[in-house]
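Structural overview
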Amino acid sequence: MVSLDQWFASGSRIPVWFPAGSGGTRGYEVFCLRQGSGPWITFLHGFPTCSWDWAPVAERLQSRHRLLLFDFLGFGDSDKPARHAYSLFDQASITEQLWRRFDVPGAVLVAHDYGVTVAQELLARLAEGRLAVRLEGLVLMNGGLYPEVHRPLRIQKLLADRLLGPLMNRFVNESTFRRNFASIFTRQHPVGEEELRQHWQAIVRRDGLRNYHRLMQYWHERRRYRDRWVGALEQTRVPLRFLWGMEDPISGAHMAAVIRQRLPRAEFVPLEGVGHYPQLEVPDVVAAGIAAPFKGT
């Protein structure tokens, strides 16, 4: 697996734009990496990490696919503006801007954790006729698709609290991160010490720790826009495949039960003995699951 520094050195920072007051725009830069050749696959990472999550999978797919990987605003090597109101809607708009920039006509979309809700918003825009890119399939992994059964870690709940979050942010350090992050992997597939160090380095890069509690506000957005995003998922005609770590304490077997009940026609691949990060724990299995043809295609 390439190191975090190698990963960032192999990509570049791309400008993205958002509406500002008086009809103007405000620009930021996000880290972006393109690899390989062939049909497009776009990857959406989770909280609190970055696109480096996908490095083990990317090296297995780049010989046959063209990969688009990037860090959401506030994550990894992307800009991390202070006092910014980070929103899943903005992250979906960033995805669309990058698709336009690189002339992506259609792609398989792969999403994990935080990224699954960005994918749901893209499905909602597709249903409204506002998405220019053809979604050829959607692969989802361990995220809060149904917020009512999502089980965030205690520290995440505290960070998401609008009153306690700024205070709790002061107590986040590498030690607390390592302990909490390691807890969502399984004994069969533990995260290594060096990986933990590099994930932490991605979080604090560009003074990112100051925004930790602000990024957690997505938890409230998921609840507020639950009907929009669940409806888009359940009504879409885009082929769906779930690669699901069943021992994930956050969104594992309990989330899988709801998915199977509400989306019985979707492909569901249970990953036994796997926790919250299937792409890091069993990258061979995940890469094969992403590359496999969808039913009916």
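Structure report, in brief.

Here is what the cut-offs are and how they apply
Residues numbered from 1 in each chain as written. Predicted model: local features only at pLDDT ≥ 70, side-chain atom pairs only at ≥ 80, totals over all residues. Heavy atoms only, no water. Helix = DSSP H or I, 4+ residues; strand = E, 2+ residues; numbered from the N terminus. Expected span 1.5 Å × (residues − 1). Buried < 20%, exposed > 50% of the residue type's maximum accessible area, 1.4 Å probe, protein only. Contact = heavy atoms within 4.5 Å. Pairing = 2+ DSSP bridges. Right-handed = clockwise from strand over helix to strand, strands pointing away. Axes fitted to C-alpha atoms, helices over the stretch in contact; angles between N-to-C directions. Parallel < 35°, antiparallel > 145°, perpendicular 65-115°, else oblique. Nonpolar A, V, L, I, M, F, W, Y, C, P; charged D, E, K, R; others polar. Left-handed = near helix turned anticlockwise from the far one by under 90°.

Counted at 1.5 Å a residue, the expected span for helix α8 (residues 193–204) with its 12 residues is 16 Å, and the 17 Å between its end C-alpha atoms agrees. For α8, the complete set of buried residues consists of Leu196, Gln198, His199, Trp200, Ala202 and Ile203. Directly after α8, the chain includes arginine 206, whose backbone phi takes a positive value near 55 degrees.

With that out of the way, let us pick up the environment of leucine 135. The residue leucine 135 is located in strand β6 (residues 134–141) in this model. Note: C-alpha distance between leucine 135 and leucine 123 (12 residues apart in sequence) is 8.7 Å. In this structure, leucine 135 is in contact with Trp99, Ala107, Leu109, Leu123, Leu126 and Val238, ignoring residues within four places of it in sequence.

What follows deals with the pairing of β6. Working note: regular strand, side chains alternate between the two faces of the sheet. Among the eight residues of β6, six are classified as buried, and the element is accordingly described as predominantly covered. Relative to β6, strand β5 (residues 106–112) runs parallel, the two sharing seven bridges. What sits directly across from valine 108, in β6, is glycine 137. On the question of chirality, the crossover connecting β5 to the parallel β6 by way of helix α4 (residues 114–127) is right-handed. In terms of strand pairing, β6 meets strand β7 (residues 240–245) through three bridges, oriented parallel. When the bridges of β7 are listed, leucine 140 appears paired with phenylalanine 242.

This part takes up the packing of helix α3 (residues 88–101) against α4. At a minimum axis separation of 9 Å, α3 and α4 run at an interaxial angle of 70 degrees. By the angle between their axes, α3 is roughly perpendicular relative to α4. Contact with α3, carried on its side by Leu88, Phe89, Gln91, Ala92, Ser93, Thr95, Glu96 and Trp99, involves Tyr114, Thr117, Val118, Glu121, Leu122 and Arg125 of α4 and no other residues of that element. Its residues assigned to classes, the contact of α3 with α4 comprises seven nonpolar, four polar and three charged.

Attention shifts here to the packing of helix α7 (residues 174–182) against α8. Close contact between α7 and α8 brings their axes to 10 Å; oriented N to C, the two are set at 120 degrees. Accordingly, the angle class assigned to the pair α7 and α8 is oblique. Once α7 is placed against α8, the crossing between them reads as right-handed. Together, Glu174, Phe177, Arg178, Phe181 and Ala182 of α7 and Glu193, Leu196, Arg197, His199, Trp200 and Ile203 of α8 make up the contact between the two elements. A breakdown of the residues in the contact of α7 with α8 according to their chemical character gives six nonpolar, one polar and four charged.

Within the open sheet, the eight strands sit side by side as β1-β2-β4-β3-β5-β6-β7-β8. Their pairing is mixed. The open sheet has two edge strands with one neighbour each: β1 (12–19) and β8 (267–271). Direction aside, the axes of adjacent strands within the sheet are offset by 25 degrees on average. Pairing of β7 with β8, which is carried by five bridges, proceeds in the parallel orientation. Its bridge partner being in β8, arginine 241 is matched across the sheet by glutamate 267. Sheet contacts for α4: β3 (40–44), β5 and β6; angle to β5, the most-contacted strand, approximately 145 degrees. Contacts from helix α14 (residues 283–291) reach β3, β5, β6, β7 and β8, with the element oriented near 170 degrees to β7.

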